[in-house]
Amino acid sequence: MDGLLDQYIRSLDFWNNATLEALPSEITDGGKELSKQLLTQQYDYVANNKELQEILIWGLAESRKSLRDVNQGREENGELMFKALSDPYFAENATDFRTAMAILISGIYYLNMYTTNADTFCGINLQNEEGRTQIKNTLKKMLDMLYDNLGKG
């Protein structure tokens, strides 16, 4: 039974299912447009997946091997993407980019989990399309700033 639960949890995780093989073969912008696409897709995916939100909350509240394994798989996939795409582009600023991505990704998780008990955060309605679009547009702007300020070109 635990094996089935573990597989189910892994199948729901956005980043465990985002692999290098699924990425475009030619990326010339250090992954800028891909990053925008992946973060906005992640935002929508988590927003529309209440089961995943519950698993994320569960993962914060309880230590469980399957949840640690999902986290490890997420980190391994992320490491492959960083090394292949953004690390070469950001060079000496790669750690700064990774740090910013950690903040953005965790913010996506939190904002979506937050909607379990509230509609708005910082005055943005997270329950309607206008608010969700505001969040996604700002994610893209933040990535533009990161690429402009930390990247090679």
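Since we're looking at a predicted model, the values are computed, not measured.

> How should I be thinking about the overall build of the protein in this particular structure?
What the protein contains, in helices and strands, is 6 helices and 2 strands. By residue count, 42% of the 153 residues in the protein fall in the buried class. In the protein, of all internal contacts separated by at least 6 residues, the share reaching a separation of at least 24 is 72%. Put simply, the protein shows about 8,900 Å² of open surface, and 53% of that area lies on carbon and sulfur atoms.

> Looking at this model, I keep getting lost on the pattern of salt bridges. Mind explaining?
Think of it this way: side chains of opposite charge can pair up when their charged atoms draw near. In total, this model carries 10 salt bridges according to the counting rule given. The salt bridge partner of K83 is E79, with a shortest N-O separation of 3.7 Å. A residue pair is termed a helical-turn pair when its members lie 3 or 4 positions apart in one helix, as K83 and E79 do in helix α4 (residues 65-90) at 4 residues. The class of E79 is partly exposed, set by a relative accessible area of 28%. The network of salt bridges with shared partners includes K32, E33, K36, D144 and D148.

> I would appreciate a short explanation of unusual backbone geometry in the present structure.
Most peptide bonds take the trans configuration, and most residues that are not glycine carry a negative phi. We note that A91 has phi near 50 degrees; this positive angle belongs to a residue other than glycine. A positive phi angle, close to 55 degrees, is found at C122, a residue other than glycine. Structurally, the position occupied by C122 is in the loop between β1 (120-121) and β2 (124-125).

Cut-offs used in this document
Residues numbered from 1 in each chain as written. Predicted model: local features only at pLDDT ≥ 70, side-chain atom pairs only at ≥ 80, totals over all residues. Heavy atoms only, no water. Helix = DSSP H or I, 4+ residues; strand = E, 2+ residues; numbered from the N terminus. Buried < 20%, exposed > 50% of the residue type's maximum accessible area, 1.4 Å probe, protein only. Contact = heavy atoms within 4.5 Å. Areas by Shrake-Rupley, 256 points an atom, 1.4 Å probe, with all protein chains shown as cover. Salt bridge = Lys/Arg side-chain N within 4 Å of Asp/Glu carboxyl O.

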